[in-house]
Amino acid sequence: MKIRIGQGIDFHRLEQGTDLWLGGVMIPSERGCVAYSDGDVLLHALCDALLGAAGLQDIGFQFPDTDPQFRKIDSKILLRRTYDLITDKGFNVINVDCTVCLEKPKIASYTTEMRKIIASILKTTSEEISIKATTTEKLGFAGREEGIVALAVVLLCNKKRSHRNP
């Protein structure tokens, strides 16, 4: 069995009058993410982590913002397509660990729903998905509430490939 780790990170600017999507859940907020898609930084970071672990480059390569089909796309669709790409290469998700950096709104009451959505898409259990939130103690663009950051780490296994075979 081959084990692979992947890391993803995404940043978006926050702006009044846009929706705030995190982990597939719309969070009540005065500001949301400015983006070509729905701006779900958590799912974007997760897509990058999955793609990186599977050696499939990144979200910008797979789903370029120059392609009109991805304009305002629901990031859950991008995660489903990412999952299809990694499973086509024989990979399965072992676990996911994510962190969202923002001052407000507080998201702890939404993480259970986010975990269920992500687990459903990745065909695993909620217990294998971790989502944490932190502030930056008012430091930097996230601390000034100008933007948001999400980080994701994934562990994948591929039962079709051994460590010795390329």
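These remarks concern the structure in this document. (Residues numbered from 1 in each chain as written. Predicted model: local features only at pLDDT ≥ 70, side-chain atom pairs only at ≥ 80, totals over all residues. Heavy atoms only, no water.)

Within this structure, the stated rule accounts for one aromatic pair. Ring geometry for phenylalanine 11 and phenylalanine 141: centres 6.1 Å apart, planes at 50 degrees, overall tilted. Note that phenylalanine 11 is positioned in strand β1 (residues 2-16) and phenylalanine 141 in helix α5 (residues 140-143), a separation of 130 residues in sequence. Looking at phenylalanine 11, the relative accessible area reads 45%, which means it is partly exposed. By relative accessible area, which is 31% here, phenylalanine 141 ends up partly exposed. (Phe/Tyr/Trp six-rings, centres within 6.5 Å; stacked < 30°, edge-to-face > 60°. Helix = DSSP H or I, 4+ residues; strand = E, 2+ residues; numbered from the N terminus. Buried < 20%, exposed > 50% of the residue type's maximum accessible area, 1.4 Å probe, protein only.)

This brings us to the state of the cysteines. In the structure shown here, the tally under the stated rule is zero disulfides. Here cysteine 33 stays unpaired: no disulfide links it, and the sulfur of cysteine 101, its closest cysteine neighbor, is 13 Å away. The thiol of cysteine 157 is unpaired, and the distance to the nearest cysteine sulfur, on cysteine 98, comes to 18 Å. (Disulfide = S-S within 2.5 Å.)

Below, the discussion takes up the pattern of salt bridges. Under the counting rule described, the total for this entry stands at six salt bridges. With a closest N to O distance of 3.0 Å, aspartate 74 and lysine 76 form a salt bridge. A residue is classified by how much of its surface remains accessible, and lysine 76, at 16% relative accessible area, is buried. One salt bridge in this structure joins lysine 138 and glutamate 103, with 4.0 Å as the shortest N-O distance. Taken as a pair, lysine 138 in the loop between β6 (129-134) and α5 and glutamate 103 in the loop between β5 (91-101) and α4 (111-121) lie far apart in primary sequence, 35 residues in all. (Salt bridge = Lys/Arg side-chain N within 4 Å of Asp/Glu carboxyl O.)

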